[in-house]
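Remarks on the overall topology
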Amino acid sequence: MIRFENVTKRYRGTARPALLDVDFEVLRGEFVFLVGASGSGKSSCLRLVLREDVPSDGRVVVLGRDLRTLSNRKVPYFRRHVGAVFQDFRLLPTKTVFQNVAFTLQVTGSSRAFIQQSVPEVLALVGLAGKEKRFPHELSGGEQQRVAIARALVNRPQVLLADEPTGNLDPATSVEIMQLLSRINAGGTTVVMATHEAGFVDQMQRRVIELRDGEIIRDERHGGYGDTSALPSLAPEPERGAAAVAALTAVLEVHRELVETGTVDESVVDAADAAAAAAAAPVDEDLVVAAEAAIEESAEALADAEPTYEPEPEPAIAKAPVPRTNPIPVVEAVELDVADLGLADRLGLRGDEDEVGPTS
Ligand code: ADP
Ligand code: MG
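All figures in this text were calculated on a predicted structure; none of them were measured in a lab. Within every chain, residues take consecutive numbers counted from 1 along the sequence as written. Note on labels: chains are lettered from A, ligands numbered from 1, in written order. Local features in this predicted model are restricted to residues whose pLDDT is 70 or higher, and side-chain atom pairs enter the listing and the counts only when it is 80 or higher, whereas totals over whole chains, interfaces and linings include all residues. Side-chain figures throughout are based on the complete set of non-hydrogen atoms in the structure, without hydrogens or water.

**Looking at the nonpolar core**
By nonpolar core we mean a set of buried residues, namely Ala, Val, Leu, Ile, Met, Phe, Trp, Tyr and Cys, connected to one another through side-chain atoms within 4.5 Å. The buried label applies to any residue whose accessible area, calculated with a 1.4 Å probe on protein chains only, is under 20% of its type's maximum; exposed applies above 50%, and partly exposed to all values in between. If you look at the biggest cluster of nonpolar residues, it comprises 44 residues, and the most contacted ones within it are Phe31, Phe33, Val101, Val119, Ile149 and Leu181. Listing elements by their share of this core, those giving two or more residues are strand S3 (31–35), helix H3 (97–107), helix H4 (112–125), helix H5 (141–153), strand S7 (159–163), helix H6 (171–186), strand S8 (190–194) and helix H7 (198–204). Any two residues having at least one pair of non-hydrogen atoms within 4.5 Å are treated as being in contact. Beyond its immediate sequence surroundings of up to four residues, Leu181 is in contact with Phe31, Ile149, Leu160, Ala162, Pro165, Val191 and Met193. Counting 31 residues, the second-largest nonpolar core is a separate cluster that includes Met1, Val32, Val62 and Val82. Only DSSP runs of H or I covering at least 4 residues are called helices, and only runs of E covering at least 2 are called strands; the numbering of each starts at the N terminus.

Okay, structure coming up:
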């Protein structure tokens, strides 16, 4: 899906390379955290994946394409397969929620009928049904980030990059955004998230790639943030505890999705219920401990039950996108079967216009 082959990146006028001999591969369907101190090279990595920049040395291969051989003319088309969201949301302030999401489709030549159908669908998916006519300044930070996620998803990309997506959000809102990213990943989209948020990284138990001064110092499945003793404490303890439990609950909801597809034992559901009940209650240390134990149990059951998967061959990017067989779970009470939406079938596929794209 994404492969860095001995990638070095030197910026003009700087002595030390921002990335040095970086080598890793992200497989289809993975959720990967990219962690490291400020300046360690996380954003540089993501910019290379988006082809916003090119390596000084080495190769970046995304969706089977060597990005060095990708002509500038083809970059907008390529970016439709790679959604991106950022810490600062990057919404167009004079456009409504609907228009912000529709804009990407308009500039890539989608039909009006397609836009009228797909924009509300993706807004429902991220939990923003009914807010179509709001302007960004009329939304909370979390809602603004949901708009950005909707915009990144409306082209149904195979990869979603998130560069510190919770960096401007309070802990509870950050949890909701993490939950949404988990659901998107559970629907089959590969997610790479750069973050400082040690709590999420520790609780999610996903793959962690750690950078220090531009070099990979760790690449670990089911990793944690690492040594967090140097990180400043940003919130009072009780709030952090509540956010942590809610975050764990978010992960469990994804586990529940897996249960519903028949790949995980029923006991996981019981554990999830216990954890959810604990998280919903006022913060109580005993409950937190009980929830964490329950979660650990369910995580183990999940690890046992999860089928190992082989990486599939990279699709040729020039082909029309194949409709997903794996629906993105829908947030909250919205009853919407994404598999039936046929979004991919209705994508406008003209490739040559300039577009602002999901990264604008
Ligand atoms: P992170 O996202 O982990 O904070 P970055 O990838 O933004 O790290 O930066 C890595 C290093 O590259 C830093 O030393 C930063 O100052 C430098 N850097 C990033 N972008 C540029 C640029 N456009 N020009 C020069 N130096 C840059
Ligand atoms: Mg950065």
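**Observations regarding the packing of aromatic side chains**
Ring pairs shown here join Phe, Tyr and Trp side chains whose ring centres sit within 6.5 Å, with only the six-membered ring taken for Trp; geometry is labelled stacked below 30 degrees between planes, edge-to-face above 60, and tilted in between. Applying the stated criterion across every chain yields a total of two aromatic pairs. Between Phe4 and Phe24, the aromatic rings sit 4.6 Å apart at their centres with planes inclined by 20°, giving stacked as the arrangement. Linking Phe4 in strand S1 (residues 2–9) with Phe24 in strand S2 (residues 19–26), this pair joins segments that are 20 residues apart in sequence. There is no split in this pair, since Phe4 and Phe24 are both buried. In our convention, an over-ring charge means Lys NZ or Arg CZ found within 6 Å of a ring centre and within 35 degrees of that ring's normal. In this structure, Arg90 is placed above the aromatic ring of Phe86, and the distance from its NZ or CZ to the ring centre is 3.7 Å.

**Here's the deal with the sheet that holds strand S6 (residues 82–86)**
Being paired, for any two strands, means DSSP has found at least two bridges between them. An order of S6-S7-S8-S3-S9-S10 is seen for the six strands of this open sheet, with the pairing classed as mixed. Edge strands, defined here as strands with exactly one partner in the open sheet, are S6 and strand S10 (215–220). Between one strand and the next, the sheet's axes are offset by a mean angle of 15°, whatever the strand orientation. Pairing geometry for S6 and S7, over five bridges, is parallel. Residue Gly83 lies in a different strand from S7, and its bridge partner there is Leu160. Every axis in this analysis is a line fitted to C-alpha atoms, fitted for helices over the stretch in contact. Angles between the N-to-C directions lie between 0 and 180 degrees. The sheet strands contacting helix H1 (residues 42–49) are S3, S6, S7, S8 and strand S9 (207–212), and the helix crosses S7 at an angle near 150°.

**Considerations on the pairing of S7**
Burial within S7 is extensive, with five of its five residues counted as buried. Here S7 shows two buried faces, one formed by Val159, Leu161 and Asp163 and the other by Leu160 and Ala162. In the sheet, S7 pairs with S8 via five bridges, with the strands oriented parallel. Paired with Ala162 across the strands is Met193, a residue of S8. The handedness of the S7 to S8 crossover, carried by H6, is right-handed. Look down the strands so they point away from you; if the path from the first strand over the helix to the second goes clockwise, the crossover is right-handed.

**Considering the sheet that holds strand S4 (residues 57–62)**
With respect to topology, four strands assemble into an open sheet ordered S2-S1-S4-S5, the strand pairing being antiparallel. Every interior strand has two partners, whereas the edge strands, S2 and strand S5 (65–66), have only one. Direction of pairing for S4 relative to S5: antiparallel, over a ladder of two bridges. When the bridges of S5 are listed, Val62 appears paired with Arg65. Running at roughly 120° to S1, H1 makes contact with S1, S2 and S4 of the sheet.

**Describing H4**
The span one expects for a helix is its residue count, reduced by one, times 1.5 Å. Here H4 contains 14 residues, and its C-alpha end-to-end distance of 20 Å stays within 8% of the 20 Å for a straight helix at 1.5 Å per residue. Listed in full, the buried residues belonging to H4 are Phe114, Ile115, Ser118, Val119, Glu121, Val122, Leu123, Ala124 and Leu125. For H4, the secondary structure elements touched by its buried residues are H3, H5 and H6. Backbone geometry just after H4 places Gly127 at a positive phi near 85°.

**Here we look at the packing of H3 against H5**
Relative orientation and spacing of two packed helices are given, respectively, by the angle between their axes and the distance between those axes. Direction vectors running N to C along H3 and H5 enclose 25°, while the axes themselves pass 8 Å from each other. With respect to H5, the element H3 is oriented roughly parallel. In terms of crossing hand, the pair formed by H3 and H5 is right-handed. From H3, Val97, Asn100, Val101 and Thr104 reach across to H5, where they touch Val147, Ala150 and Arg151. Any angle that falls under 35 degrees is termed roughly parallel, while one over 145 is termed roughly antiparallel, one within 65 to 115 roughly perpendicular, and all others oblique. Handedness of each helix crossing follows the sense of rotation of the near helix against the far helix: counterclockwise by less than a right angle gives left-handed, clockwise gives right-handed.

**Section: the confidence of the model for the protein chain**
The predicted coordinates ought not to be read in detail in places where the model reports low pLDDT. Put simply, the protein chain has an average pLDDT of 76, and 63% of its residues get 70 or more. Confidence of the predictor at the level of single residues is captured by pLDDT, which takes values from 0 to 100. For residues 233–247, every residue scores under 50 in pLDDT, and the model assigns this stretch 16 contacts once sequence neighbours within four places are set aside. Counted against residues more than four places away or in other chains, residues 306–312, with its pLDDT under 50, gives seven contacts.

**Thoughts on the site of ligand 1**
Residue proximity to a molecule or strand is established when one non-hydrogen atom of the residue lies within 4 Å of it. By nearness alone, every residue bordering ligand 1 is listed as Tyr11, Thr14, Ala18, Ala37, Ser38, Gly39, Ser40, Gly41, Lys42, Ser43, Ser44 and Arg47. The backbone of Ser43 places a nitrogen or oxygen atom 2.8 Å from an oxygen atom of ligand 1. Any pair of nitrogen or oxygen atoms within 3.5 Å is treated as a polar contact; in protein, a donor-acceptor pairing is required on top of that, and neighbouring residues in sequence qualify only through side-chain atoms on both sides. Between ligand 1 and Ser44 there is a distance of 2.6 Å, counted from an oxygen atom to a side-chain nitrogen or oxygen. Accessible surface is estimated by sampling points in the Shrake-Rupley manner with a 1.4 Å probe; for residues, cover comes only from the protein chains shown. Contact with the protein chains removes 60% of the 560 Å² of surface that ligand 1 exposes when unbound. Lys, Arg, Asp and Glu make up the charged group, whereas Ala, Val, Leu, Ile, Met, Phe, Trp, Tyr, Cys and Pro make up the nonpolar group; the residues left over, Gly among them, are polar. A breakdown of the residues in the shell around ligand 1 according to their chemical character gives three nonpolar, seven polar and two charged.

**Comments concerning H1**
The buried count for H1 comes to six of eight residues, which makes it a mostly enclosed element. All of the buried residues along H1 are Lys42, Ser44, Cys45, Leu46, Leu48 and Val49. Just past H1, the residue Arg51 takes up positive phi, approximately 60°.

**Some details on the pattern of salt bridges**
Whenever Lys or Arg places a side-chain nitrogen within 4 Å of a carboxyl oxygen from Asp or Glu, that contact is recorded as a salt bridge. Under the defined criterion, the tally for this structure stands at 14 salt bridges. In this structure, Arg16 engages Asp213 in a salt bridge whose closest nitrogen and oxygen atoms are separated by 3.8 Å. Here Asp213 lies in the loop between S9 and S10 and Arg16 lies in the loop between S1 and S2, a separation of 197 residues in the sequence. Using a relative accessible area of 55% as the deciding quantity, one classes Arg16 as exposed. Here Asp66 and Arg59 are joined by a salt bridge, their closest N and O atoms 3.1 Å apart. With relative accessibility at 29%, the residue Arg59 sits in the partly exposed group. Here the residues in one salt-bridge network are Arg3, Glu5, Arg59 and Asp66, joined through shared partners.

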